[in-house]
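Per-entry structural report
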Amino acid sequence: MTNIIKNINKTKFLFFFKYIAIFILVVFIINIMEITYSKYSSSAEGNAAANIAFFIVDVGTYENTISLNDLVPSNSDYIYKFNVNNFKNGKRTNVKLDYSIEFTTTTNLPLTYKIYRGEGTENVITSSEIIQDGDMYFNKLNTNQVGSFSYEENQTDVYTLVVNFPITYNDKPDEYQGLIDSFIIKINAEQRI
């Protein structure tokens, strides 16, 4: 055994030992990064910013869409807020307005919805029904939601959309990967008589 140790070239041994140590260190760092990244990417954030505002300054129909993308099954809800205002850029409605609001969604993902007005805790959705338009199916969320604005002051109604993608669908990632849903908001404004 001592003969073998005496015959080893110490310079070559140190040279190879350094490269092997560097290689092991690089492999270790890559493995740590994979573990860290997978822990990071598996978590889901439940808040989302829609940044939609409706400016109801005249009689008519107003429509906008919230794109529900990057949703993953989660125990946390996804929160979107949207506003309905009676003013825009210094201009305000010059008559009293009543408005009704309709909600329609696409049916690509198995999502559940709740909508709250202001600081309310009661879901304004009273029922839902699947409707067909050509080859497309939509989920119409029925409400009895109406609002009113005066011409005397700036007013804003705030709505909160709560979307849930149940965690039970977590075991079917290929089935829902890359799919998005659209949440369509339609407001009909009429002059109050």
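1. Quick word on a nonpolar patch on the surface
Taken together, F15, F16, Y19, I20, I22, F23, I24, V26, V27 and I30 make up a surface patch of nonpolar side chains, about 1,000 Å² in accessible area. You can see F16 is positioned in helix 2 (residues 10-41).

2. Digging into the environment of T112
The topology assignment puts T112 in strand 7 (residues 112-117). For T112, a relative accessible area of 44% translates into the label partly exposed. Counting along the chain gives 53 residues from T112 to F165, while the straight-line C-alpha distance between them is 6.8 Å. Residue contacts for T112: discarding those within four places in its chain leaves V162, V163 and N164.

3. Here we look at the side chain of D181
You can see D181 is positioned in strand 12 (residues 181-191). Look at D181 and you get buried, because its relative accessible area is 0%. For D181, the side chain forms a polar contact with the side chain of T106, separated by 2.9 Å. Here L109 takes part through its backbone nitrogen, which lies 3.5 Å from a polar atom of the side chain of D181. Ignoring any residue separated from it by four or fewer positions in sequence, one finds D181 in contact with I66, S67, L68, T106, T107, N108, L109, L111 and Y113.

4. Notes on the sheet that holds strand 3 (residues 78-85)
Paired through their backbone hydrogen bonds, the strands of a sheet run either parallel or antiparallel. Taken together, four strands build an open sheet; the order of strands is 1-3-11-7 and the sheet is mixed. The two strands at the open ends of the sheet, each matched to only one other strand, are strand 1 (52-55) and strand 7. Recorded for the sheet is a direction-independent mean angle of 20° between the axes of neighbouring strands. As paired strands, strand 7 and strand 11 (residues 156-164) are joined by six bridges and run antiparallel to one another. Paired with T112 across the strands is N164, a residue of strand 11.

5. Section: the pattern of salt bridges
Counting across every chain of the model gives two salt bridges. The shortest N-O distance in the salt bridge between D98 and R192 comes to 3.1 Å. Highlighted residues: D98 in strand 6 (residues 97-106) and R192 in the segment after strand 12, separated in sequence by 94 residues. Exposure remark for D98: the relative accessible area of 30% places this residue in the partly exposed category.

Each value, and the rule that gives it
- Residues numbered from 1 in each chain as written.
- Predicted model: local features only at pLDDT ≥ 70, side-chain atom pairs only at ≥ 80, totals over all residues.
- Heavy atoms only, no water.
- Patch = residues over 30% accessible without salt bridge, like charges linked within 9 Å, V, L, I, M, F, W, Y side chains within 5 Å.
- Areas by Shrake-Rupley, 256 points an atom, 1.4 Å probe, with all protein chains shown as cover.
- Salt bridge = Lys/Arg side-chain N within 4 Å of Asp/Glu carboxyl O.
- Helix = DSSP H or I, 4+ residues; strand = E, 2+ residues; numbered from the N terminus.
- Buried < 20%, exposed > 50% of the residue type's maximum accessible area, 1.4 Å probe, protein only.
- Contact = heavy atoms within 4.5 Å.
- Polar contact = N/O pair within 3.5 Å; in protein donor to acceptor, adjacent residues only side chain to side chain.
- Pairing = 2+ DSSP bridges.
- Axes fitted to C-alpha atoms, helices over the stretch in contact; angles between N-to-C directions.

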